[in-house]
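One-letter residues, chain by chain:
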Amino acid sequence: MSDRLYIFDTTLRDGEQVPGCQLNTVEKIQVARQLEALGVDVIEAGFPVSSPGDFNSVIEISKAVTWPTICALTRAVEKDIEVAAEALRYAKRKRIHTGIGTSDSHIRYKFNSTREEILERAIACVKYAKRFVEDVEFYAEDAGRTDNEYLARVVEAVIKAGATVVNIPDTTGYCLPSEYGDKIRYLMENVDGIENAIISTHCHNDLGMATANTMAGVMNGARQVEVTINGIGERAGNTSLEEIAMILKSHKELDIETNINTKKIYPTSRMISSLMNMPVQPNKAIVGRNAFAHSSGIHQDGVLKNVQTYEIIDPRDVGIDDNSIVLTARSGRAALKSRLNALGIELTQEKLDKIYQEFLKLADKKKDINDDDILLLAGADRTHNHRIKLEYLQVTSGVGVRSVASLGLNIAGESFEDSASGNGPVDAAIKALKKIINRKMVLKEFTIQAINKGSDDVGKVHMQVEYDGHVYYGFGANTDIVAASVEAYIDCINKFKI
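Calculation criteria
- Residues numbered from 1 in each chain as written.
- Predicted model: local features only at pLDDT ≥ 70, side-chain atom pairs only at ≥ 80, totals over all residues.
- Heavy atoms only, no water.
- Helix = DSSP H or I, 4+ residues; strand = E, 2+ residues; numbered from the N terminus.
- Buried < 20%, exposed > 50% of the residue type's maximum accessible area, 1.4 Å probe, protein only.
- Contact = heavy atoms within 4.5 Å.
- Pairing = 2+ DSSP bridges.
- Axes fitted to C-alpha atoms, helices over the stretch in contact; angles between N-to-C directions.
- Core = buried A, V, L, I, M, F, W, Y, C linked by side-chain atoms within 4.5 Å.
- Right-handed = clockwise from strand over helix to strand, strands pointing away.
- Phe/Tyr/Trp six-rings, centres within 6.5 Å; stacked < 30°, edge-to-face > 60°.
- Salt bridge = Lys/Arg side-chain N within 4 Å of Asp/Glu carboxyl O.
- Expected span 1.5 Å × (residues − 1).
- Parallel < 35°, antiparallel > 145°, perpendicular 65-115°, else oblique.
- Left-handed = near helix turned anticlockwise from the far one by under 90°.
- Nonpolar A, V, L, I, M, F, W, Y, C, P; charged D, E, K, R; others polar.

Draft legend 1. Looking closely at the environment of Gly-476. Tracing the backbone shows Gly-476 in strand 16 (residues 470-478). According to the relative accessible area criterion, Gly-476 is buried, its value standing at 2%. In this structure the C-alpha to C-alpha distance between Gly-476 and Met-215, which are 261 residues apart in sequence, comes to 38 Å. Each residue touching Gly-476, except ones within four places of it in the same chain, is listed here: Gly-459, Lys-460, Val-461, Ala-484, Glu-487 and Ala-488.

Below, the structure written as structure tokens:
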């Protein structure tokens, strides 16, 4: 009989900690429902004590999904645990994820404490969480750099205190796969009562070894993996859900199964990328646009003769369907609705009608509409309640001619307009914008991404703007890259704390 590996998805908690990737509650519910359809076992819905938004999101996600366990993160602090328990009150299956740093670095510099005091706090937080829920997960933060003998003492103590799952995070992404695998094996062999809990991995990708470390942990006895869609997460990210799922699907000899419906991987990846405004690198394993592309003549020849010569995964196994409906200006609402549903998005008729009108406008500008375009349209109403909106933009530009831009803004219902010249059309447009919004703002980062390479493609612009000591993240998308740039800048301004 195959071993069962539990998939703990932390896209909505660790993944959402990426600057500029924050979601509102409605978007989080949308993601949670897609994760449920994907087949994840545990959804870490947030850190309730950190903000009213996180608290409310955990409540609403608990109401929205049925069978996955809903997990809330806490520190080893009684107030954190109480707030998490309150946020989880509607969850059908609930888990509190509590813990504390165990490495000597954390003990000494973060907590100004001792090993014995940390051990006592670890036991106390598990016992307190156990008052509220049966399912308690303990995390030993920075376990990757924690002495194995001391780590084993902590793990044994928290299991005796009632922990049902014990998380062994490589918080800094420092461990080598052999080192991390040995750590898990040491715990499996040296912790009394280890059979009473599930050991979990939580690996970061700072040195590019998150997936390798996670698999090393699984090979040595871990039976829960903590992952995110597209590998998003703090700094260099977390272990990718899609990579672990497809490694196990490809390596049948490991005899380890998950509950993941792999055909929903690609649509889920596209949804997360769009909602979080987080591009997927083209060469990303499993879900990158080049993952199944073959440009080498030798590779192309081999694939044409037999696809298995260079492809170990059937693209259809991850939800990439070469025969999917192509959407054009002649497509009707039914085709658009069908494609949205395939991407995990369900809309009211009123919302569908609004998106369809925007779809027709875009289809007049582009020959073919792809999934990224559709997801952008589905998320376009996020700017609906913005205080500042772009009313019009006109740019004059050319070789040997200084670019001039005129634009109009609607600010809280009142119209403003101005113009400026600049070193190129984008520079001119932003200077005109800054003349209307007369504040000291500094553009820190400006990234342009084409979705599909065509000259008629939608351009996605990501920006970081510094204002009053804070950095704000903005996003814009348009077939006109100058307009997309202005929209991204306006998106930043709308987030200013004024």
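Read on, since the account is not over.
Draft legend 2. Main features of the sheet that holds strand 9 (residues 224-227). Pairing is parallel in the closed barrel, where 8 strands are placed in the order 2-3-4-5-6-7-8-9. Between one strand axis and the next, the sheet turns by 25° as a mean value, whatever way the strands run. Relative to strand 5 (residues 94-101), strand 4 (residues 69-73) is paired through 4 bridges, and the arrangement is parallel. Bridge pairing in strand 5 places Ala-72 opposite Ile-96. Across the face of the sheet, helix 2 (residues 52-64) comes into contact with strand 3 (42-46) and strand 4 while running at roughly 145° to strand 3.

Draft legend 3. Focus on the nonpolar core. Grouped together as the largest cluster of nonpolar side chains are 112 residues, with contacts concentrated most on Phe-138, Val-155, Val-166, Ile-168, Ile-265 and Leu-336. If we skip the residues at most four places from it in the chain, Val-155 touches Val-166, Ile-168, Leu-187, Val-191, Ile-194 and Ile-199. Judged by nonpolar contacts, the second largest core, of 29 residues, contains Met-441, Tyr-472, Val-482 and Ile-490.

Draft legend 4. Local environment of the pairing of strand 8 (residues 198-203). Burial analysis of strand 8 places 5 of its 6 residues in the buried class, the great majority of the element. Summarising the sheet, strand 7 (residues 165-170) and strand 8 pair through 6 bridges and their orientation is parallel. Across the sheet, Asn-167 pairs through a bridge with Ser-200, a residue of strand 8. In the sheet, strand 8 pairs with strand 9 via 3 bridges, with the strands oriented parallel. Along strand 9, the bridge assignment pairs Ser-200 with Gln-224. Crossover strand 8 to strand 9 through helix 8 (residues 210-219) is right-handed.

Draft legend 5. Spotlight on the packing of aromatic side chains. Under the counting rule described, the total for this entry stands at 4 aromatic pairs. For the pair Tyr-467 and Phe-496, a centre-to-centre distance of 4.4 Å together with 10° between the ring planes defines the contact as stacked. Of the two residues, Tyr-467 is situated in strand 15 (residues 459-467) and Phe-496 in the segment after helix 16 (481-494); the sequence distance between them amounts to 29 residues. The pair Tyr-467 / Phe-496 is uniform in exposure class, with both members buried.

Draft legend 6. Examining unusual backbone geometry more closely. We note that Asn-230 has phi near 65°; this positive angle belongs to a residue other than glycine. Among the structural elements, Asn-230 can be located in the loop between strand 9 and helix 9 (241-250). The phi dihedral of Ile-286 is positive, around 75°, even though this residue is not glycine. Residue placement: Ile-286 occurs in the loop between helix 10 (265-275) and helix 11 (297-305).

Draft legend 7. Seen up close, the sheet that holds strand 12 (residues 401-411). Spatially, 3 strands are ordered 11-12-13 in an open sheet, and the strand pairing comes out antiparallel. If you trace the sheet from one side to the other, it starts and ends with strand 11 (388-398) and strand 13 (414-422), each paired once. The mean inter-strand angle of the sheet, taken between neighbouring strand axes irrespective of direction, is 15°. The sheet strands contacting helix 15 (residues 425-436) are strand 11, strand 12 and strand 13, and the helix crosses strand 13 at an angle near 140°.

Draft legend 8. Region of the structure containing the pattern of salt bridges. Enumeration over the complete set of coordinates arrives at 27 salt bridges. The partner of Asp-14 in a salt bridge is Arg-13, with the nearest N and O atoms 3.6 Å apart. Judged by its relative accessible area of 12%, Arg-13 is buried. When the shortest N-O distance is used, the salt bridge between Lys-435 and Asp-418 registers 3.5 Å. With Lys-435 in helix 15 and Asp-418 in strand 13, this pair connects stretches of sequence that are 17 residues apart. With relative accessibility at 27%, the residue Asp-418 sits in the partly exposed group.

Draft legend 9. Summary view of the pairing of strand 7. Within strand 7, 6 of the 6 residues are buried, leaving the element largely enclosed by the surrounding structure. Bridging between strand 6 (residues 135-141) and strand 7 involves 3 bridges; their strand directions are parallel. Bridge pairing in strand 7 links Phe-138 to Val-166. After leaving strand 6, the chain enters helix 6 (residues 148-161) and then returns to the sheet as strand 7, a path that is right-handed. Handedness of the crossover joining strand 7 and strand 8 through helix 7 (residues 177-190): right-handed.

Draft legend 10. Local environment of helix 5 (residues 115-130). Between its terminal C-alpha atoms helix 5 stretches 23 Å, which fits the 22 Å expected from 16 residues at 1.5 Å a residue. Regarding helix 5, the residues found buried are Ile-118, Leu-119, Ala-122, Cys-125, Val-126, Tyr-128 and Ala-129. The inward-facing, buried residues of helix 5 contact helix 3 (78-87), strand 5, helix 4 (104-110), strand 6 and helix 6.

Draft legend 11. Up close: helix 2. Helix length check: helix 2, at 13 residues, gives a terminal C-alpha distance of 18 Å against a target of 18 Å (1.5 Å per residue), a fit within 8%. Every buried residue of helix 2 is accounted for by Asp-54, Ser-57, Val-58, Ile-59, Ile-61, Ser-62 and Ala-64. In this structure, the buried residues of helix 2 make contact with helix 1 (25-38), strand 3, strand 4 and helix 3.

Draft legend 12. Spotlight on the packing of helix 7 against helix 8. Between helix 7 and helix 8, the shortest axis-to-axis distance is 8 Å and the interhelical angle comes to 30°. By the angle between their directions, the pair helix 7 and helix 8 is classed as roughly parallel. In this structure, the crossing between helix 7 and helix 8 has a hand that is right-handed. Contact residues: helix 7 offers Pro-177, Tyr-180, Gly-181 and Ile-184, while helix 8 offers Ala-212, Asn-213, Ala-216 and Gly-217. A class-by-class count of the residues in the contact of helix 7 with helix 8 yields 5 nonpolar, 3 polar and no charged.

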